[in-house]
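Here's the letter readout for the chains.
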Amino acid sequence: MKEKIKDNLFSNVFSLLLGGIITILLFFFSSNPVSPEDVKQELLEISLDEMKRRYGDMITENNIDKISSTELDAGADKSIILCGSTKINENIYRWVSIFERKPPSIFDKLVGRSGFFNLASLTSYEAPYFNSLLVDKVEVIDFEGDGTSEVHIRLQSIWADSTSVGPLILSKKDDAKWYLSSLPSISNAINSPLKSPEMGGRRPYNYFGMVGDEDPKPKSIIELNQLGISEESWTLNHNGEEQNFTTLRNGGDYIFRNHTIKGYTQIQTLSFFIDGGAVLGPHYAVVNMFKFGENGMETDELWNWEYPMYSTRPLRLSEIDMDSILKAGIMSHTVGDVFYGYTEFEKIRVQK
């Protein structure tokens, strides 16, 4: 009887020890990186694997340019944004990857740990020079005020005589996919046909100028549109699909706004024409207004009746009052306390 009890006790102890050893080994070999440096390195390796798949295996350099220090509320789930650069086959490429935490596996639940991160989106592009298309800023903004944030990537290129800037906006929609919006070509925007709305006696402002300018005689819009815009067009790969994006050069810039009547997000752009003047001198300029549409950024028809606004003469960046131009575009729709749109009007309290 004693021998049987001893055998059972030994068997139970052996089973417990074996189970413990197996659990420890499984935990060790299946464990996820924990320290910040290990996590960062693992995310870099995952991103580089996708970059190799897109552009080739011959990676000679790689670097993490920017990474969020904490998980950010981007999209429906917590996310980490990683921006990096690499040299593949002697060409420079940059990328923006978004990682979302995986649901814990059965074993993760058993040992009481959360799942690791999954690559949810990767946007990449070739940079012609080492100081072009650099990631200048990464920020998470709730553009629509719906509790779901978008990721704003501000790109900057540094040239010998000027700089250029442009946005990439990454947003997660109801289908759980990440979508990318960017500035369209300003040259295309100012030469595209307009919708010719019924303005009911109101009109857009075609030009803006400086206080104190006497009897300005601006170039015609046709003549200005025939000039080139100081901008650059690029191509990127967003999750396997090619898209075009634009950066604004020689003082061009963009500002995020909120429509003062409707409340939605707008993107106000300032672009300069290639008008034959010195690069660092004054130039003719044009201001456009865009909004987020179903297929990315599109011209906002509820600002200045969709029309761009041109400078009456060459101006320097410091001379241009973007706030006043913004207000003028809204006031072009307004008579008294009524704001008129394309197909409707509404009574509003106009902000003076």
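Everything numeric here is computed off the predicted structure, so don't read it as measured data.

Reading the values: the criteria
- Residues numbered from 1 in each chain as written.
- Predicted model: local features only at pLDDT ≥ 70, side-chain atom pairs only at ≥ 80, totals over all residues.
- Heavy atoms only, no water.
- Helix = DSSP H or I, 4+ residues; strand = E, 2+ residues; numbered from the N terminus.
- Contact = heavy atoms within 4.5 Å.
- Areas by Shrake-Rupley, 256 points an atom, 1.4 Å probe, with all protein chains shown as cover.
- Buried < 20%, exposed > 50% of the residue type's maximum accessible area, 1.4 Å probe, protein only.
- Arc of directions from axis to C-beta.
- Polar contact = N/O pair within 3.5 Å; in protein donor to acceptor, adjacent residues only side chain to side chain.
- Phe/Tyr/Trp six-rings, centres within 6.5 Å; stacked < 30°, edge-to-face > 60°.
- Lys NZ or Arg CZ within 6 Å of the ring centre and 35° of its normal.
- pLDDT = per-residue confidence, 0-100.
- Salt bridge = Lys/Arg side-chain N within 4 Å of Asp/Glu carboxyl O.
- 1 Å grid on protein atoms, 1.4 Å probe; cavity = no way out; pocket = protein on both sides within 12 Å on 5 of 7 lines; lining within 4 Å.
- Points joined across faces, edges and corners; volume = space filled by probe spheres on them.
- Nonpolar A, V, L, I, M, F, W, Y, C, P; charged D, E, K, R; others polar.

1. Concerning the overall build of the protein
Secondary structure summary: the protein contains six helices and 21 strands in total. Across the protein, the fraction of contacts at a sequence separation of at least 24, relative to all contacts at a separation of at least 6, is 59%. Total accessible area on the protein is roughly 19200 Å²; 53% of this is exposed by carbon and sulfur atoms.

2. Brief notes about helix 6 (residues 322–331)
Taken residue by residue, helix 6 has Met-322, Ile-325, Leu-326, Gly-329 and Ile-330 as its buried positions. Taken down its axis, helix 6 places every buried residue within 140 degrees of arc, on the same side. Capping the start of helix 6, Asp-321 holds a side-chain oxygen 3.2 Å from the backbone nitrogen of Asp-323, two or three residues further along.

3. Structural notes on the packing of aromatic side chains
In total, this model carries seven aromatic pairs according to the counting rule given. Aromatic rings pair up to connect Phe-143, Tyr-254, Phe-256 and Phe-292 into one cluster. Just above the ring of Tyr-179 sits the side chain of Lys-173; from NZ or CZ to the centre is 4.9 Å. The ring of Tyr-264 has Lys-291 sitting right over it, with the charged end atom 5.7 Å from the ring centre.

4. A look at the confidence of the model for the protein
Interpreting fine coordinate detail is not advised for predicted regions of low pLDDT. Mean pLDDT over the protein stands at 82; residues scoring 70 or higher make up 79%. Contacts from residues 18–30, a stretch scored under 50 in pLDDT, to residues over four places away or in other chains number eight contacts. Predicted confidence is poor over residues 72–76, with pLDDT under 50, and the contacts of this stretch with residues over four places away or in other chains come to 19 contacts.

5. Comments concerning the side chain of His-333
Its place among the elements puts His-333 in the loop between helix 6 and strand 19 (334–335). Contacts of His-333, omitting those with residues within four sequence positions, involve Arg-202, Glu-301, Leu-302, Trp-303, Asn-304, Trp-305, Val-338, Phe-339, Tyr-340 and Gly-341.

6. With respect to the pattern of salt bridges
Evaluated as defined, the whole model comprises 11 salt bridges. Linking Arg-257 and Asp-323 is a salt bridge whose minimum nitrogen-to-oxygen distance equals 2.8 Å. Highlighted residues: Arg-257 in strand 14 (residues 253–258) and Asp-323 in helix 6, separated in sequence by 66 residues. The class for Arg-257 is buried, based on a relative accessible area of 14%. Ionic contacts of the salt-bridge type, sharing partners, join the residues Glu-50, Arg-53 and Arg-54 into one network.

7. Regarding the layout of surface pockets
Of the voids in this model, the largest pocket is the one considered here, and its volume is about 580 Å³. Lining the largest pocket we find 25 residues, and of these Ser-171, Lys-173, Tyr-179, Phe-292 and Gly-293 sit closest to its centre. Every element with two or more residues in the lining of the largest pocket is listed here: strand 8 (163–172), strand 9 (178–182) and strand 16 (285–293). Considering only residue class, the lining of the largest pocket consists of eight nonpolar, nine polar and eight charged.

8. Section: unusual backbone geometry
In the Ramachandran plot, Leu-133 falls in the positive-phi region, its phi being about 55 degrees despite a non-glycine side chain. Since its relative accessible area comes to 1%, Leu-133 is described here as buried. With phi around 55 degrees, Trp-305 is a residue other than glycine that occupies positive phi space. Positionally, Trp-305 belongs in the loop between strand 17 (296–299) and strand 18 (309–311).

9. Quick notes on the environment of Ser-149
Its location among the elements puts Ser-149 in the loop between strand 6 (134–141) and strand 7 (150–158). It is 8.3 Å that separates the C-alpha atoms of Ser-149 and Lys-172, two residues lying 23 residues apart in sequence.

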